[in-house]
Amino acid sequence: MSHNEKSSVAPSRQGRKAISGYFSPQMSLAMHMCARKNDMSLQALMAEAFNDVLRKYGESPVGD
């Protein structure tokens, strides 16, 4: 990349991978409301949920 070119990836996303899925509108609303109620971002709430699933199945949590 030359000095004048900008990266197309935001610095906060560098070294990270997206994980996505399709859920019902009710699940989407419930997750957003839970995150907001607990003063968390949706991403932080999802990371917590994923770590809980890893623990449930005997895997080590990995943080965010």
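Residues numbered from 1 in each chain as written. Predicted model: local features only at pLDDT ≥ 70, side-chain atom pairs only at ≥ 80, totals over all residues. Heavy atoms only, no water.

**Brief notes about the layout of surface pockets**
Then, number 1: Of the volumes computed, that of the largest pocket is approximately 980 Å³.
Then, number 2: Taken together, 27 residues make up the lining of the largest pocket; nearest its centre are Ile-19, Gln-43, Met-46, Ala-47 and Phe-50.
Then, number 3: Put simply, the parts of the chain that give the lining of the largest pocket at least two residues each are helix H1 (25-37) and helix H2 (42-56).
Then, number 4: Here the lining of the largest pocket gets ten residues from one element, more than from any other, and that element is H2.
Then, number 5: Each residue belonging to the lining of the largest pocket can be placed in one class, and the counts come to 14 nonpolar, nine polar and four charged. (1 Å grid on protein atoms, 1.4 Å probe; cavity = no way out; pocket = protein on both sides within 12 Å on 5 of 7 lines; lining within 4 Å. Points joined across faces, edges and corners; volume = space filled by probe spheres on them. Helix = DSSP H or I, 4+ residues; strand = E, 2+ residues; numbered from the N terminus. Nonpolar A, V, L, I, M, F, W, Y, C, P; charged D, E, K, R; others polar.)

**Points about H2**
Then, number 1: The end-to-end C-alpha separation of H2 is 21 Å, in line with the 21 Å expected for 15 residues at 1.5 Å each.
Then, number 2: Buried residues of H2: Leu-45, Ala-47 and Asn-51, and no others. One face of H2 carries all of its buried residues, which in axial projection span an arc of 160°.
Then, number 3: Those residues of H2 hidden inside the fold are in contact with H1.
Then, number 4: In the stretch just after H2, Gly-58 is the one whose phi turns positive, near 80°. (Expected span 1.5 Å × (residues − 1). Buried < 20%, exposed > 50% of the residue type's maximum accessible area, 1.4 Å probe, protein only. Arc of directions from axis to C-beta. Contact = heavy atoms within 4.5 Å.)

**Considering unusual backbone geometry**
Then, number 1: A positive phi angle, close to 55°, is found at Asp-39, a residue other than glycine.
Then, number 2: Tracing the backbone shows Asp-39 in the loop between H1 and H2.
Then, number 3: With a relative accessible area of 73%, Asp-39 lands in the exposed category.

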